[in-house]
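Results of the structural survey
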Amino acid sequence: MDILDTFEPKINSRPTEELLEIAGSPEKWEPEAVVLAQQELTKRNIKPVKIEMAGYLAKKRQRIEDYKKANEGYNFHKPIETLFIILFAWEHKKDGYYRKARQQKRFRLFILLSIIIYLIYIIVKATLL
């Protein structure tokens with residue numbers, strides 16, 4: 001079965017390293033692209049062991065990226081932007097940012113308690129006047 005190379009740039013014009021990346025991480029690419037990349041690698045006499053190694057390395061890179069993402073925390077170089085994200089972003093845990101999700105819970109609790117304390121202060125001050 002021949003698959004038409006409708007990708008841009010064409011699969012057969014891509015460098016070998018990129019073809020190895022496509023063949024090594026099929027979950028990130030369309031199935032047709034993976035088949036074409038494997039066919040092109042075979043035409044270029046690339047050994048199957050090298051293709052398997054590319055898959056292993058792609059999985060290892062993905063695990064490293066997932067680990068970095070899971071342990072990434074907030075930085076306050078842009079405090080307004082960070083505060084906005086803390087208050088209005090809801091997908092951290094779903095997106096794999098586990099540390100940010102934990103920090104977000106704590107920050108929100110702190111902000112809520114601060115608001116409550118401030119409101120109590122205003123009410124007590126108003127009643128004493």
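Everything in this summary refers to the structure shown in the same document. (Residues numbered from 1 in each chain as written. Predicted model: local features only at pLDDT ≥ 70, side-chain atom pairs only at ≥ 80, totals over all residues. Heavy atoms only, no water.)

**Quick notes on the overall build of the protein**
Applicable threshold: Each helix is a run of DSSP H or I of at least 4 residues and each strand a run of E of at least 2, with the numbering of both proceeding from the N terminus. For every residue, the accessible area (1.4 Å probe, protein chains only) is compared with the maximum for its type, and the residue is labelled buried under 20%, exposed over 50%, or partly exposed between those bounds. Residue contacts follow a heavy-atom distance rule, with two residues in contact if any of their heavy atoms lie within 4.5 Å. For the accessible areas, the method is Shrake-Rupley and the probe is 1.4 Å, while residue cover comes only from the protein chains on display.
Of the regular secondary structure elements, the protein holds 5 helices and 0 strands. From first element to last, N terminus to C terminus, the protein shows the α and β order α-α-α-α-α. A principal-axis box enclosing the C-alpha atoms of the protein has dimensions of 90 × 25 × 25 Å. Counting the 129 residues in the protein, one finds 26% classified as buried. Partitioning the intrachain contacts of the protein with sequence separation of at least 6 by distance along the chain shows that 53% fall at a separation of at least 24. A total of about 10300 Å² of accessible surface is found on the protein, and carbon and sulfur atoms cover 63% of it.

**Here's the deal with the pattern of salt bridges**
Once the charged atoms of two side chains with opposite charge are near each other, the side chains can pair. Applicable threshold: Criterion for a salt bridge: a side-chain nitrogen of Lys or Arg within 4 Å of a carboxyl oxygen of Asp or Glu.
This structure, assessed with the given rule, holds 4 salt bridges. A salt bridge links E18 to R14; its shortest N-O distance comes to 2.8 Å. What makes R14 buried here is its relative accessible area of 8%. Among the salt bridges present, the one from K100 reaches E72, with a minimum N-O distance of 3.1 Å. You can see K100 sitting in helix α5 (residues 98-128) and its partner E72 sitting in the loop between α3 (48-70) and α4 (79-88), a full 28 residues away along the chain. Overall, K100 belongs to the buried group, its relative accessible area being 14%.

**Describing the environment of L41**
Examined against the element boundaries, L41 turns out to sit in helix α2 (residues 31-43). Residue L41 is classed as buried on the basis of its relative accessible area, which comes to 0%. Note: C-alpha distance between L41 and T16 (25 residues apart in sequence) is 7.2 Å. Residue contacts for L41: discarding those within four places in its chain leaves T16, L19, L20, A23, I46 and I51.

**Describing helix α1 (residues 16-24)**
For α1, the set of buried residues is L19, L20, I22, A23 and G24. Its buried side turned inward, α1 meets α2 and α3.

Fair warning: the whole summary comes from geometry, so function is off the table for now.
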